[in-house]
Amino acid sequence: MAQGLTRERLLRWLPFLGWPRPDRALLANEATAGITVALMVIPQGVAYAALAGMPLVTGVYAALLPALVAVLFSSSARLSVGPTALTSLLVGASLAPLAIAGSREWVAYAAWLTLLSGAMQLLLGAARFGWLLRLVNSPVLMGFTQGAAVLITWSQLPALLGYTGRSVTQLAHGPPPDFIAIAFGLGGMATLWLGKRLLPRFPTTMALVGAAAAISAAVGYALTGGAVIGALPSGLPHFYWPGGLTLDELGQLLLPAFLITLVSFLETASSAKVDNARAGRLWNENQDLIGQGLAKIASGLTGSFPTSSSFSRSAITLYAGAKTQWATLFSVAVVAAALLWAMPLLYHVPQAVLAAIVATATLGLLKPSAFVALWRISRIEAAIAFGTFALTIATAPSIYWGVLGGLLAALAHYMYRHLHPRIIEVGLHADGSLRDRHLWHLPLLAPHLYALRMDAELDFASASTLERDISTALAERPGLTDVCLFAHPINRIDITGAEVFGGIRRLLESRGVRLHVSGLKLPAQQVLERAGLLAPGPLLFNYRTDAEALAALRCDAADFSPARALADS
């Protein structure tokens, strides 16, 4: 027994101890899947490093040690961890006011962003606080993702249109466009688009990079001044320490680091839920937070930028037939081999091709129809999503204000709904259910009776609304002799709710009005009992079921005597 508990604890903190023991057939299958993903992540890593303003080789570093650490300590078996478009954009946007892209200061700040975000995820996972990150709902995430996709695509336009090295606002200045770069950029996008639809399992990205490098070298594109990747250092990454931070610098990095933590977790969730559902397992979000946090720390300590789970590469992992974590080990081995021997092969790759890789990936995130679909379901949440989208674009490069603004709007809407709970006067429908009396034009349950139901918790947010509703009914119906609260939907009562319930009881007793409570759930009943608010009294009647309440309430008011009232409870 003790041995079993010890193993369970070990597996909780060291998930790799529970990996399946491979055989030859499994290893052959996992090698195919791992190599496929590696051939995709290498060129993507270089492209995303450019998006983050980092030295290009750090994009490949981000696909090496972080991927290995993540697969060792995460619970989800087939996630592809490495650089992603959203986290890369957040790095570039967050550091733009602080340093020059690609400079030593920029790299140090990026490493600190990575370390801070990794530490946040690690602490949240270890403390089992993963639920905190669920505060960002789907409309906010959708609005931010759509806004970020627009910004990323917009940032790649100069390179795609032959103006590499300029911003969009500088397109009209300087020399004319490079038409060869335009051909590489737009041709690359077309190739990636066709490859995704016709050959989803084929490493189209790597094939495009290889073909573009060969064509670029053949026509001497670099010799004529064309923008190419250039020389990348070979070899595995070394330990990197970004140096110290002042309190002011730390303050400037904490908010972006938190946003990277949030977005990274939500990216991971989108992939992990699919992976675990297909494997028939429950998703252990806290363990994945630990794994992702350690991966970021590993990335920062090798001089790279924040990593996350890529939904597209994780999908490729599944399509390629990966079954276990061993596929990631093969992918890491291929990336390591590329760092050791293949970096010179990327010299002639046009930067327009990198822009095509980034733009194609982010265009896949653009789904305007999602706003229309959300509008049909909930106009308020659609407005929150569109507001997040607009704020993300308007506040660029400080795009984290988009998520924070959307989060505040979503929380405000959540609080508004709790401050304005649904309280209805009920009547008996022909099908035997209790429904909104005014909506369905139903008669009173009994003469001189106000029967109501509150579809919410009785807490600090909703209690005053219930008190006001009953007080209004007493004022508008001076002949009331009975009030019945159908309390089955009330799952919880807090101290404020109990105090308000006591006030309602005293108000009704002062006017000689009988209070009936039906279907009170045990947790709520226990709170009221501890407060002494269910003490027996001549004007309080408590029913266990709505059927008992209805049977009693429909008696003649003159000789009202509830058969099953718990007056002695």
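To keep things clear, this report deals only with the structure shown in the data block. (Residues numbered from 1 in each chain as written. Predicted model: local features only at pLDDT ≥ 70, side-chain atom pairs only at ≥ 80, totals over all residues. Heavy atoms only, no water.)

## Let's talk about the pattern of salt bridges
And step 1. Considering all chains together, one arrives at nine salt bridges under this definition.
And step 2. Notably, a salt bridge pairs E425 with R437, separated by 3.3 Å at the nearest N-O pair. Residue E425 is found in strand β3 (residues 423-428), and its partner R437 is found in the loop between β4 (434-436) and β5 (449-454); the two are separated by 12 residues along the sequence.
And step 3. Residue E425 is classed as buried on the basis of its relative accessible area, which comes to 6%. (Salt bridge = Lys/Arg side-chain N within 4 Å of Asp/Glu carboxyl O. Helix = DSSP H or I, 4+ residues; strand = E, 2+ residues; numbered from the N terminus. Buried < 20%, exposed > 50% of the residue type's maximum accessible area, 1.4 Å probe, protein only.)

## Looking at the packing of helix α18 (residues 463-476) against helix α19 (residues 495-510)
And step 1. Interaxial distance between α18 and α19 falls to 9 Å at its minimum, and their mutual angle equals 15°. The orientation of α18 relative to α19 falls into the category roughly parallel. Considering the relative orientation of α18 and α19, their crossing is right-handed. Of the residues in α19, those touching α18 at A463, L466, E467, I470, S471 and L474 are T496, G497, V500, I504, L507 and L508.
And step 2. Residue classes in the contact of α18 with α19 are distributed as eight nonpolar, three polar and one charged. (Axes fitted to C-alpha atoms, helices over the stretch in contact; angles between N-to-C directions. Parallel < 35°, antiparallel > 145°, perpendicular 65-115°, else oblique. Left-handed = near helix turned anticlockwise from the far one by under 90°. Contact = heavy atoms within 4.5 Å. Nonpolar A, V, L, I, M, F, W, Y, C, P; charged D, E, K, R; others polar.)

## Details of the packing of helix α15 (residues 369-377) against helix α16 (residues 379-394)
And step 1. Interaxial distance between α15 and α16 falls to 6 Å at its minimum, and their mutual angle equals 150°. With respect to their mutual orientation, α15 and α16 come out roughly antiparallel. Mapping the contact onto sequence places F371, L374, W375 and I377 in α15 and R379, E381, A382, A385, F386 and F389 in α16.
And step 2. In terms of residue class, the contact of α15 with α16 is made up of eight nonpolar, no polar and two charged.

## Details of α16
Working note: α-helix, 3.6 residues per turn, so residues spaced by three or four point in the same direction.
And step 1. In this model α16 runs 22 Å from its N-terminal to its C-terminal C-alpha over 16 residues, within 8% of the 22 Å that 1.5 Å per residue would give.
And step 2. Turning to α16, its buried residues number three or more, namely A382, I384, A385, T388, F389 and T392. Considered in projection along α16, the buried side chains sweep an arc of 160° and stay on one side of the axis. In α16, the exposed positions that point more than 90 degrees away from the buried face belong to R379 and A394. (Expected span 1.5 Å × (residues − 1). Arc of directions from axis to C-beta.)

## Structural notes on empty space enclosed by the protein
And step 1. As enumerated under the stated definition, the model contains four cavities of 30 Å³ or more in all.
And step 2. Estimates place the volume of the largest cavity at around 120 Å³.
And step 3. Together, 14 residues line the largest cavity, and V37, L79, S80, T328 and S331 are the ones closest to its centre.
And step 4. Only α2 (24-52) and α13 (326-342) provide two or more residues apiece to the lining of the largest cavity.
And step 5. Roughly 60 Å³ of volume is contained in the second largest cavity. (1 Å grid on protein atoms, 1.4 Å probe; cavity = no way out; pocket = protein on both sides within 12 Å on 5 of 7 lines; lining within 4 Å. Points joined across faces, edges and corners; volume = space filled by probe spheres on them.)

## Some words on the layout of surface pockets
And step 1. In this structure, the second largest pocket occupies an estimated 840 Å³ of space.
And step 2. A50, L51, G53, S155 and Q156 are, among the 28 residues lining the second largest pocket, the residues nearest its centre.
And step 3. Mapped onto the lining of the second largest pocket, the elements with two or more residues apiece are α2, α5 (85-95), α7 (138-160) and α14 (351-363).
And step 4. No other element matches α7, which puts five residues into the lining of the second largest pocket.

## Notes on the environment of L133
And step 1. With respect to the element layout, L133 can be found in the loop between α6 (104-126) and α7.
And step 2. Judged by its relative accessible area of 3%, L133 falls in the buried class.
And step 3. Those residues within four positions of L133 in sequence are excluded, and the remaining contacts are L124, L262, F265, L266 and L289.

## Details of a nonpolar patch on the surface
And step 1. Residues F129, W131, L132, L135 and L411 make up a contiguous nonpolar surface patch of roughly 450 Å² in combined accessible area.
And step 2. The topology assignment puts L132 in the loop between α6 and α7. (Patch = residues over 30% accessible without salt bridge, like charges linked within 9 Å, V, L, I, M, F, W, Y side chains within 5 Å. Areas by Shrake-Rupley, 256 points an atom, 1.4 Å probe, with all protein chains shown as cover.)

## Brief notes about the sheet that holds β4
And step 1. Judged by pairing direction, the sheet is mixed, and its six strands sit side by side in the order β4-β3-β5-β6-β7-β8 without closing on themselves. Whereas interior strands pair on both sides, the edge strands pair on one side only; in this sheet they are β4 and β8 (540-543). Going from strand to strand, the sheet's axes swing by 30° on average, the running direction of each strand aside.
And step 2. Across four bridges, the pairing between strand β7 (residues 514-518) and β8 is parallel. Looking at the pairing, L515 lines up with L540 of β8.
And step 3. Packed onto the sheet, α18 meets β3, β5 and β6 (482-486) and runs at close to 165° relative to β5.
And step 4. Each of β6, β7 and β8 touches α19; the most contacted strand, β7, lies at about 140° to it. (Pairing = 2+ DSSP bridges.)

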